[in-house]
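The lines below spell out each chain.
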Amino acid sequence: MAALKKDLPDTMVSPETGETLRRGMRPFLVTYKGKSVTVDLPGYYPENGDEGVHVGDDMAVSDAALRAMKEELEGIPSPATIRRVREKLKLSQREAGGLLKVGENAFDKYERGVVEPSGPTSQLLRLLDQHPELIEDLRERAKAVVTI
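All figures in this text were calculated on a predicted structure; none of them were measured in a lab.

What counts as what
Residues numbered from 1 in each chain as written. Predicted model: local features only at pLDDT ≥ 70, side-chain atom pairs only at ≥ 80, totals over all residues. Heavy atoms only, no water. Salt bridge = Lys/Arg side-chain N within 4 Å of Asp/Glu carboxyl O. Helix = DSSP H or I, 4+ residues; strand = E, 2+ residues; numbered from the N terminus. Buried < 20%, exposed > 50% of the residue type's maximum accessible area, 1.4 Å probe, protein only. Core = buried A, V, L, I, M, F, W, Y, C linked by side-chain atoms within 4.5 Å. Contact = heavy atoms within 4.5 Å.

1. A short note on the pattern of salt bridges
Between side chains of opposite charge, pairing is possible as soon as their charged atoms come close.
Thinking step 1. This model, assessed by the stated rule, comprises 15 salt bridges.
Thinking step 2. Here K88 and D129 are joined by a salt bridge, their closest N and O atoms 2.8 Å apart. Within this pair, whereas K88 is found in helix α2 (residues 79-88), its partner D129 is found in helix α5 (residues 119-130), the two being separated by 41 residues in sequence.
Thinking step 3. A relative accessible area of 39% places K88 in the partly exposed class.
Thinking step 4. In this structure, the salt-bridge partner of D137 is R141, at a minimum N-O distance of 3.0 Å. Highlighted residues: D137 and R141, both in helix α6 (residues 134-147), separated by four residues, approximately one helical turn.
Thinking step 5. Each of R83, R86 and E111 takes part in salt bridges that share partners, so that together they form one network.

2. What to know about the nonpolar core
Thinking step 1. Counting residues in hydrophobic clusters, the biggest one holds 13 residues, and the most contacted among them are L89, L91, L100, F107, L125 and I135.
Thinking step 2. The greatest single-element share of this core, amounting to three residues, is contributed by helix α4 (residues 106-112).
Thinking step 3. In contact with L91, not counting residues within four places along its chain, are R86, A96, L99, I135 and R139.
Thinking step 4. Judged by nonpolar contacts, the second largest core, of five residues, contains V30, Y32, V39 and M69.

Here it is as structure tokens:
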């Protein structure tokens, strides 16, 4: 389990240099396909130098920045966008996975950022976000398959 911020000590010894590292934030450049954004990255850092040690959820901020750039540049929805669309459609994760034919556990994985949706699934989510009434067609088709 990832360490909670309140559980982290103020200092640690560098496993590489033996130097004392202090808990803090440093600017970190995240770049994807020519676009860059600087985020404040928590971690343990030396007094002088850029090298640091990251523990627990420290890298979550850079992961979120990368996902946001992928969404902007490639249309791959972020976990937050996927959850928002699913909730807008009033679907459980299991129901969404069944209706979109991606498997009952897929939305759990998408929303936790473990797996990115495929291109066609991303496109379908975008369409459903813009035209939520289309979910009724998918529901009707699913009912028709069950009753045959």
